[in-house]
There are 2 protein chains.
Amino acid sequence: MNDTHSPWFYRRCQVLNNCMAKRADILVRFGQRVRELRKEQGYSQENFAYACELDRTYVGGIERGERNLTIRKIEQIADTLGISLSELLEGV
Amino acid sequence: MNDTHSPWFYRRCQVLNNCMAKRADILVRFGQRVRELRKEQGYSQENFAYACELDRTYVGGIERGERNLTIRKIEQIADTLGISLSELLEGV
């Protein structure tokens, strides 16, 4: 093995290979998770947006996998669902 | 109980009360979690930034709780650490 590269170089290749080989886009996966939990708790999209203090069209965009939202917005959603961030991202 | 408000109104108040009563800022909590896991895996901040394909000063900002990062960046960090998003956000 050509060891001119640092271990971090190989770590980076490993991460890249992992990423490319797998999963649907994170935004799509997160959107599906939010929709699933929202419906489980009986919210319409409109009521959920109101409870989250987010715009309804923004929630629609999240669920369609179009929003690269920030960790603050993720926390807003988790708080509204009454679950932890870790639970919200379970399986995502 | 004055029921002119929808159940979602009360849900929103509940969420607000919960939020204000508790936790340090999400950015600070997440930064501490990243630092903890980075150190556990033996990365320097510089090596970790390289492996994540993020700028070192950006990683420094994350760990100081100054960055409201997006879910894509969170995934980049989780992938580099070789853990799920849910594990990365455990306890945050």
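Residues numbered from 1 in each chain as written. Chains lettered and ligands numbered in written order. Predicted model: local features only at pLDDT ≥ 70, side-chain atom pairs only at ≥ 80, totals over all residues. Heavy atoms only, no water.

- An unreviewed UniProt entry lists chain A under the name HTH-type transcriptional regulator SinR, from Gimesia fumaroli.

## Overview of the overall build of chain A
- Within chain A, the secondary structure is distributed over 6 helices and 0 strands.
- When the helices and strands of chain A are listed from N to C terminus, the series reads α-α-α-α-α-α.
- By the burial criterion, 45% of the 92 residues in chain A qualify as buried.
- Sequence separation of 24 or more characterises 52% of the internal contacts of chain A that already satisfy a separation of 6 or more.
- By element, 48% of the accessible surface of chain A is carried by carbon and sulfur atoms, the whole surface being about 4,900 Å². (Helix = DSSP H or I, 4+ residues; strand = E, 2+ residues; numbered from the N terminus. Buried < 20%, exposed > 50% of the residue type's maximum accessible area, 1.4 Å probe, protein only. Contact = heavy atoms within 4.5 Å. Areas by Shrake-Rupley, 256 points an atom, 1.4 Å probe, with all protein chains shown as cover.)

## Regarding unusual backbone geometry
- Residues other than glycine seldom take positive phi values, yet Glu53(A) does so here, at roughly 60°.
- One can find Glu53(A) in the loop between α3 (45-52) and α4 (56-63).

## Observations regarding helix α5 (residues 71-81) of chain A
All names here are of chain A.
- Buried residues dominate α5, accounting for 8 of its 11 residues.
- By the burial criterion, the buried members of α5 are Ile71, Ile74, Glu75, Ile77, Ala78, Asp79, Thr80 and Leu81.
- In the segment just after α5, glycine 82 is the residue with positive phi, at about 70°.

## Re the pattern of salt bridges
- With the rule as written, the count across this model stands at 12 salt bridges over all chains.
- Notably, a salt bridge pairs Arg29(A) with Glu75(B), separated by 3.1 Å at the nearest N-O pair. On the criterion of chain membership, the pair formed by Arg29(A) in helix α2 (residues 26-40) and Glu75(B) in helix α5 (residues 71-81) is interchain, its members lying in two chains.
- What makes Glu75(B) buried here is its relative accessible area of 12%.
- The residue Glu66(B) makes a salt bridge to Arg64(B) at a minimum N-O spacing of 3.0 Å.
- By relative accessible area, Arg64(B) is classed as partly exposed at 49%. (Salt bridge = Lys/Arg side-chain N within 4 Å of Asp/Glu carboxyl O.)

## Considerations on the environment of Thr70(B)
- Along the chain, Thr70(B) falls in the loop between α4 (56-63) and α5.
- The residues touching Thr70(B), leaving out its near neighbours within four places in the chain, are Asn68(A), Leu69(A) and Thr70(A).
- Engagement of the side chain of Thr70(B) in a polar contact is seen with the side chain of Asn68(A), the distance being 3.3 Å. (Polar contact = N/O pair within 3.5 Å; in protein donor to acceptor, adjacent residues only side chain to side chain.)

## Details of the side chain of Arg38(A)
Residue and element names in this part refer to chain A.
- On the secondary structure map, arginine 38 appears in helix α2.
- Among the residues examined, arginine 38 registers a relative accessible area of 7% and is labelled buried.
- What arginine 38 contacts, discounting residues up to four positions off in sequence, is Tyr43, Ser44, Gln45, Phe48, Glu63 and Leu81.

## Considerations on the packing of aromatic side chains
- Scanning all chains against the criterion turns up 2 aromatic pairs over all chains.
- Ring plane angle 65° and centroid distance 5.1 Å describe the contact between Tyr43(B) and Phe48(B), whose orientation is recorded as edge-to-face. Neither Tyr43(B) nor Phe48(B) differs from the other in exposure class; each is buried.
- When the ring centre of Tyr58(A) is taken as reference, the NZ or CZ atom of Lys73(A) above it lies at 5.7 Å. (Phe/Tyr/Trp six-rings, centres within 6.5 Å; stacked < 30°, edge-to-face > 60°. Lys NZ or Arg CZ within 6 Å of the ring centre and 35° of its normal.)

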